[in-house]
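Structural features, examined
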Amino acid sequence: MKAGKSLELLMAGDNVMEQIRQSINDYIPFIKGASKLILLPLVLGVGGVFILTKVFQSLYLTIYPLDAQQLHKEAMRIMKRSDNINRVKAVLKQSLCCDDTYLPSYLSLIAIQIYQDEDHKIALETIEEAYKKVPVLLKREQEDLLGLKRDAKAMASNLGHM
């Protein structure tokens, strides 16, 4: 009797498995159709929104270009995210083209020239340019420029002795 019950349970289990396989096979065309009807438009829609965002951002920046302060912030953002010092210097120089009296851009550029590039001659020239272009310097700003000038001269003289 137990062998008959086991055989019945085994047959019932096989029937259940066959029904599950059949149900899955019945849903495969639905899943394929749904992926074409839902996933493809969704992916294309998200991609389209991304592209449109980039296009509108580019247009906005063409109509309303960044000012010196915004460019300086962009340079600092680039510096934090990557080691692309050449890109940072280019953005800082662009900032100074917009407003050649914007001292934070001078200070950042000079610091890069001294400590990253170790181009002390260019740094000293940039310091002199800052003194000429920035009409009024606060005491703290004067101290910053003097400190950078002192560092550039000290590092230049140390390199001369090596």
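Residues numbered from 1 in each chain as written. Predicted model: local features only at pLDDT ≥ 70, side-chain atom pairs only at ≥ 80, totals over all residues. Heavy atoms only, no water.

Take the pattern of salt bridges next. Following the criterion strictly, the structure yields 7 salt bridges and no others. For K89, the salt bridge identified is with D117, shortest N-O distance 2.6 Å. Placement of the pair is K89 in helix α3 (residues 85-98) and D117 in the loop between α4 (103-116) and α5 (120-133), with a sequence separation of 28 residues. In this structure, D100 engages K133 in a salt bridge whose closest nitrogen and oxygen atoms are separated by 3.3 Å. Highlighted residues: D100 in the loop between α3 and α4 and K133 in helix α5, separated in sequence by 33 residues. A relative accessible area of 37% places K133 in the partly exposed class. Connected through shared salt-bridge partners, R140, E143 and D144 make up one network. (Salt bridge = Lys/Arg side-chain N within 4 Å of Asp/Glu carboxyl O. Helix = DSSP H or I, 4+ residues; strand = E, 2+ residues; numbered from the N terminus. Buried < 20%, exposed > 50% of the residue type's maximum accessible area, 1.4 Å probe, protein only.)

Turning our attention to a nonpolar patch on the surface. Taken together, F50, I51, L52, V55, F56 and L59 make up a surface patch of nonpolar side chains, about 620 Å² in accessible area. Within the secondary structure, F56 sits in helix α1 (residues 2-63). (Patch = residues over 30% accessible without salt bridge, like charges linked within 9 Å, V, L, I, M, F, W, Y side chains within 5 Å. Areas by Shrake-Rupley, 256 points an atom, 1.4 Å probe, with all protein chains shown as cover.)

With that out of the way, let us pick up the packing of aromatic side chains. Considering all chains together, one arrives at 1 aromatic pair under this definition. Centroid distance Y60 to Y64: 5.1 Å. Interplanar angle 45°. Geometry classified as tilted. Take Y60: its relative accessible area is 51%, and that puts it in the exposed class. (Phe/Tyr/Trp six-rings, centres within 6.5 Å; stacked < 30°, edge-to-face > 60°.)

The analysis is restricted to geometry; functional conclusions fall outside its scope.
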